[in-house]
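Listed here are the chains, written in short residue letters.
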There are 4 protein chains.
Amino acid sequence: MEKNHVIRIKCSDKKGLIAGITSLLYQHGHNIMVMKEFVETATGQFFARLEIAGELHAAALEDELRQFLPPAAKVQIIPQQKKKIVLLVTKEYHCLADLLVRQYFGELHAEILAVIGNYPLLEPFTEKFKIPFHLVSHEGISKEEFETRILNLLQGYQPDYIVLAKFMRILSPRFVQTYLDRIINIHHSFLPAFIGANPYKKAFERGVKLIGATAHIVNNDLDEGPIITQQIIPVKHDDGLTDMIEAGHEIEKAVLAEALKLVLEDRVFVSGNKTIVFS
Amino acid sequence: MEKNHVIRIKCSDKKGLIAGITSLLYQHGHNIMVMKEFVETATGQFFARLEIAGELHAAALEDELRQFLPPAAKVQIIPQQKKKIVLLVTKEYHCLADLLVRQYFGELHAEILAVIGNYPLLEPFTEKFKIPFHLVSHEGISKEEFETRILNLLQGYQPDYIVLAKFMRILSPRFVQTYLDRIINIHHSFLPAFIGANPYKKAFERGVKLIGATAHIVNNDLDEGPIITQQIIPVKHDDGLTDMIEAGHEIEKAVLAEALKLVLEDRVFVSGNKTIVFS
Amino acid sequence: MEKNHVIRIKCSDKKGLIAGITSLLYQHGHNIMVMKEFVETATGQFFARLEIAGELHAAALEDELRQFLPPAAKVQIIPQQKKKIVLLVTKEYHCLADLLVRQYFGELHAEILAVIGNYPLLEPFTEKFKIPFHLVSHEGISKEEFETRILNLLQGYQPDYIVLAKFMRILSPRFVQTYLDRIINIHHSFLPAFIGANPYKKAFERGVKLIGATAHIVNNDLDEGPIITQQIIPVKHDDGLTDMIEAGHEIEKAVLAEALKLVLEDRVFVSGNKTIVFS
Amino acid sequence: MEKNHVIRIKCSDKKGLIAGITSLLYQHGHNIMVMKEFVETATGQFFARLEIAGELHAAALEDELRQFLPPAAKVQIIPQQKKKIVLLVTKEYHCLADLLVRQYFGELHAEILAVIGNYPLLEPFTEKFKIPFHLVSHEGISKEEFETRILNLLQGYQPDYIVLAKFMRILSPRFVQTYLDRIINIHHSFLPAFIGANPYKKAFERGVKLIGATAHIVNNDLDEGPIITQQIIPVKHDDGLTDMIEAGHEIEKAVLAEALKLVLEDRVFVSGNKTIVFS
């Protein structure tokens, strides 16, 4: 039981919260290695993330914490171990490959239980890494049926998080609710934004000088939800459409990896449509 | 007459253009210091910018160039000297101050002829630099009348470019047409974009992790037109609205200065709604 | 007395420090708006910065804090008001101008008491802003005498911090000790570093692709000491030496402004030859 | 023969070079898709890179070019096809894995003929991609013998370029001369630089705020030679040594991939100890 724990607390703010939390941990002899906290003025919410070294009795500690925390406090005491994730993909390989390689060399902070794709294209690459690949085609069936098949597969795996590694189907509210705040997505981002089909083509035609990527938690449709992290990459007038797409892929895989690291280390809190990130 | 010249050519592409241009310059004994050219595949347009050292007869050279260039070719032979600019401002000081300081120390590649503001707020600062400040209030008069007063002032100054250094009034098509491709604007940019009033507030509420700025040529309304350059600056969950606005100001002044340098050195071509930038 | 305070604590780490500090503040009814803390593993040092809203009795609070803090704890309780600074300059204007403009428009978090230069070049610009400029030439006198004259001037101003805004003279240990951890310097930085005279020329000849700037606290000679912040800017093969110097100036003024904001808001701790920055 | 060609020219500068080159290409009916050229003032050298669409007779064209180019001109006419490369590795996987994945999905612009490692660690991963892995241990043999074994292997493969994908042995002048200007290396870079062993540890202890990576052509020892490209990544005081090394790996693999793309597309010229990069 020598592993560390992360304590995450989200509750309405009041005076003395930090004193209460830290005094309790001190009484139990726990060593706080890192603590970060934040009060969101607009909502009056308090957020804290603490890393505690060594052994603890999670259920008992949670009870004691709740005794002085506000009634609806959300408390999580999480042993620091690899999370379980499932990846959903379509045809683009760049994010999938990046995550499989990271897991293979042990730098992902997660175990990839399976990859689910709606095309068979990425199966051979996935199998190099001895990860099961499940083909669930969306063709010839209703969206509801398509999602049911995926949900059934997920049910078998019980993942902590679902990563949309360039999964190009919009998820229904039913799906999103089933894994609320536990689905991570990555998408390109431009200044300005381009709505609808062929966004790279539109960005190219508009002559944007930056291409960005946004990793976010999915809460309703594919490209919305609380933003975890964003990065950009510069492009020039002599970059063609293909160059811009390639640049986009580079930045997408970097941003998804960065976001996933933050999520898997329990550093991301959701507050309405935004995130608190204790990086 | 020891100054240098920039030759700018925009025309439909055909084989032999570069050979024709460079052979002609060679026959006249001109030394090409830098040449950059680009063919835009989508439009079949050819763009070139050449820096020529020393003396030349612009009118004669232009005639000779036109003899083998396609009929509607746009040719400009521009002596390298400081451009004349007028700044339009409202209340925000950061871009104005940055440009006045750069001109004062001779690093702007331009002479600021005057500052026109629709509030008196920035007059004292402007006058420190012995630049005339004209107050043209928009209050109590029609937009047409407001713009006519500004156009009349500009008429007297004959600027090469007009710089909207945080000028917060939308210009009419009449105004824009009068100085077509010669009005430079700067505005914040977000991923995603936020339409309408209070964009920083919306970006803050959405929890964006990057704040950007876009400098562009004005061709219709305030925040559109061919993009010259863009940059971003990261923000965090604990940056308040004020921090985000300050970060935005930092990046806006940097981007405007960068864009202006490119424009004043005749490096920017407009093609439809995008730019070719020979940086 | 409605201003806020920053409490800064640096001491050897022990269990219960945060609990002790926050409980004490809670008992006194103080509202902790922001708290950041860090334990440096290598040295076993604990660092904390707390923002407290409203009125407090600094001396009494410090006494109470010291009762449970380790013996040699360094405690500072600082009312949040503008710091007093003096700028030292030589001939380069870019950092000086940037800081004078920021102070003029109230965004500097500091009052610039005076500018001291070893050349008269920057006097006219400084005087536009009604800031006294003192010329202290280094010519014809010993370094000791030169520094004594500056120290005498500083003695009259009692600044909180001294900012070397491109001051090109190396300070003696005597000078540095007089204002220990209170002198901020900015200098260019390259990958790799270039020792000795004409670093830009060497960097140009080496074909570096990035130019950086480093803001740091001065502890012995000019270009060493704990780093506060660093940024870079890309350069290309067709950027001449002058372009590289200009790029360096852009990044130097941005980095110095960023570093100064961190210092003036009491966010920077020194630990040996490095900094802890609670940004 | 419908592939494109790149023409690369390096010679001493004289008037009329561009006119001569482009006129010749025009006479032969060749279509110049992209041309970039640069005159290095310090050395008086002219550099040009042209992309020509379609069929051409390379030997004949080179002869004709040489008739008006200065005597010692270096002319290369290179059909645009995938280059052949061999990777040298030690124990670190991040660059190797990145390149293998890029080749697997066809985005590398190169064929990886083989991987040579002085430890067996990376063999299993390499073999997933059906690329031969050769173990050449440096233990128990002289450096000369070690290099001879590698050179013999390379001799069999006839690679266009050798990529040191975190190969941690310094190459002798004999080795470097054999593949002059054809060996690409990647290494971390810091501001300031840290000489000798354990640079990350030194950078950590010094509290640097940026970690960089430099890709360069090897011309004498491991960490010198003309720089192709550089990037940086920010780090904070609470990033431990391990975090800094991880950040370094991220940036190293990104920079090596970027540099390799430039080299493999024949965009990089060497001039003394610096590069001209027509990106």
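As the structure is a prediction and not an experimental result, all values here were calculated from the model.

A count of helices and strands for chain A gives eight helices and 13 strands. Taken over the C-alpha trace, chain A has a radius of gyration of 21 Å; the compact-globule value for 279 residues is 19 Å, and the two agree within 12%. Overall, chain A is about 60 × 40 × 35 Å in size when its C-alpha atoms are taken along their principal axes. By the burial criterion, 56% of the 279 residues in chain A qualify as buried. By sequence separation, contacts in chain A at least 24 residues apart represent 65% of the contacts at least 6 residues apart. Counting only carbon and sulfur atoms, one obtains 53% of the accessible surface of chain A, whose full area is about 11300 Å². Mean positive and mean negative side-chain charge positions of chain A (31 and 34 charges, respectively) differ by 1 Å.

Turning next to the interface of chain C and chain B. With 21 residues of chain C at the interface, the matching set in chain B holds 21 residues. For the pair chain C and chain B, the summed buried surface comes to about 1900 Å²; carbon and sulfur atoms form 52% of the total. Here chain C and chain B share four salt bridges between them. Between Lys36 of chain C and Asp238 of chain B there is a salt bridge; the shortest N-O distance is 2.9 Å. The interface formed by chain C and chain B holds seven residue pairs in polar contact (both at pLDDT 80 or more) in total.

This part takes up the relation of the copies chain C and chain B. Superposing the two chain copies requires a rotation about an axis and a translation along that axis. Aligned on chain B, chain C shows an RMSD of 0.0 Å; the corresponding rotation is 180 degrees and the shift along the axis is 0.0 Å. Both copies are brought into coincidence by an operation consistent with a two-fold rotation axis. If distances are taken from each C-alpha of chain C to the rotation axis, the shortest is found for Lys128 of chain C, at 3.1 Å. Mapped onto chain B, 100% of the interface residues of chain C are again interface residues, and the two copies thus contact each other with one and the same surface.

Let us look at the relation of the copies chain A and chain B. Rotating chain A by 180 degrees and translating it 0.0 Å along the rotation axis places it on chain B, where the RMSD comes to 0.0 Å. A share of 100% of the interface residues of chain A reappears at the interface of chain B, consistent with the copies meeting face to face through the same patch.

Below, the discussion takes up the interface of chain A and chain B. Bring the parts together and some accessible area is lost; that lost area is often taken as the interface size. With 30 residues of chain A at the contact, the number on the chain B side is 30 residues. In total, about 2600 Å² of surface goes out of reach between chain A and chain B, with carbon and sulfur atoms giving 58% of it. It is Leu191, Arg206 and His237 of chain A in chain A that bury the most area against chain B; as a group they hold 29% of the surface buried on that side. The interface formed by chain A and chain B includes zero salt bridges. Broken down by secondary-structure element, the contributors of at least two residues to the side of chain A that touches chain B are helix H7 (199–206), strand E11 (227–234) and strand E13 (274–277) of chain A. Classifying every residue of the side of chain A that touches chain B by side-chain character gives 15 nonpolar, nine polar and six charged.

Okay, the sheet that holds strand E9 (residues 183–189) of chain A next. All names here are of chain A. A sheet is described by the order of its strands in space; here seven strands give the open sequence E7-E6-E5-E8-E9-E10-E11, paired in mixed fashion. Every interior strand has two partners, whereas the edge strands, strand E7 (133–135) and E11, have only one. Taken over all neighbouring pairs, the strand axes of this sheet differ in orientation by 20 degrees on average, direction set aside. In this structure, strand E5 (residues 83–89) lies alongside strand E6 (residues 110–117), joined through seven bridges in parallel fashion. Residue pairing across strands places Lys83 opposite Ala110, the latter belonging to E6.

To continue, consider the pairing of strand E5 (residues 83–89) of chain B. All names here are of chain B. Counting buried positions over the seven residues of E5 gives six, a clear majority of the element. When E5 meets strand E8 (residues 161–164), the two strands line up parallel, connected through four bridges. Note that in E8 the partner of Ile85 across the bridge is Tyr161.

Glancing now at the side chain of Ser271 of chain A. Residues and elements named next belong to chain A. Checked against the element boundaries, Ser271 lands in strand E12 (residues 268–271). Polar contacts involving the side chain of Ser271 include one to the side chain of Glu40, which spans 2.6 Å. When residues no more than four places from it in sequence are discounted, the contact partners of Ser271 are Lys10, Glu40, Thr43 and Phe47.

Okay, the sheet that holds strand E2 (residues 31–40) of chain B next. All names here are of chain B. Taken together, four strands build an open sheet; the order of strands is E2-E3-E1-E4 and the sheet is antiparallel. This sheet does not close on itself; its edge strands, each paired only once, are E2 and strand E4 (74–79). Adjacent strand axes in the sheet meet at a mean angle of 10 degrees, parallel and antiparallel pairs treated alike. Sheet analysis places E2 next to strand E3 (residues 45–53), joined by nine bridges and oriented antiparallel. From the neighbouring strand, Glu37 faces E3, where its bridge partner is Ala48. Its contacts with the sheet place helix H2 (residues 58–68) against strand E1 (5–12) and E4, and it is angled at close to 155 degrees to E4.

A word on the packing of helix H3 (residues 94–104) of chain A against helix H8 (residues 241–264) of chain A. Residues and elements named next belong to chain A. Close contact between H3 and H8 brings their axes to 9 Å; oriented N to C, the two are set at 45 degrees. If you check the angle between H3 and H8, you find them oblique. As for how H3 packs across H8, the hand of that crossing is right-handed. Contacts between H3 and H8 involve His94, Cys95, Asp98, Leu99 and Arg102 from the first element and His249, Glu252, Lys253, Leu256, Ala257 and Leu260 from the second. In terms of residue class, the contact of H3 with H8 is built from five nonpolar, two polar and four charged.

Residues and elements named next belong to chain D. As a packed pair, helix H7 (residues 199–206) and helix H8 (residues 241–264) sit with axes 10 Å apart at the nearest point and diverge in direction by 120 degrees. Comparing the axis directions of H7 and H8 gives the class oblique. Where H7 crosses over H8, the handedness of that crossing is right-handed. Facing Tyr200, Lys201, Ala203 and Phe204 of H7, the residues of H8 in contact are Leu241, Met244, Ile245, Gly248, His249 and Glu252. Here the residues of the contact of H7 with H8 are counted per class, giving six nonpolar, two polar and two charged.

About the criteria used
- Residues numbered from 1 in each chain as written.
- Chains lettered and ligands numbered in written order.
- Predicted model: local features only at pLDDT ≥ 70, side-chain atom pairs only at ≥ 80, totals over all residues.
- Heavy atoms only, no water.
- Helix = DSSP H or I, 4+ residues; strand = E, 2+ residues; numbered from the N terminus.
- Rg over C-alpha atoms; globule rule 2.2 N^0.38 Å.
- Buried < 20%, exposed > 50% of the residue type's maximum accessible area, 1.4 Å probe, protein only.
- Contact = heavy atoms within 4.5 Å.
- Areas by Shrake-Rupley, 256 points an atom, 1.4 Å probe, with all protein chains shown as cover.
- Lys, Arg positive; Asp, Glu negative; His and termini not counted.
- Charge placed at Lys NZ, Arg CZ, Asp CG, Glu CD.
- Buried area = accessible area lost by both parts, 1.4 Å probe.
- Salt bridge = Lys/Arg side-chain N within 4 Å of Asp/Glu carboxyl O.
- Polar contact = N/O pair within 3.5 Å; in protein donor to acceptor, adjacent residues only side chain to side chain.
- Least-squares fit on C-alpha atoms with pLDDT ≥ 70 in both.
- Nonpolar A, V, L, I, M, F, W, Y, C, P; charged D, E, K, R; others polar.
- Pairing = 2+ DSSP bridges.
- Axes fitted to C-alpha atoms, helices over the stretch in contact; angles between N-to-C directions.
- Parallel < 35°, antiparallel > 145°, perpendicular 65-115°, else oblique.
- Left-handed = near helix turned anticlockwise from the far one by under 90°.

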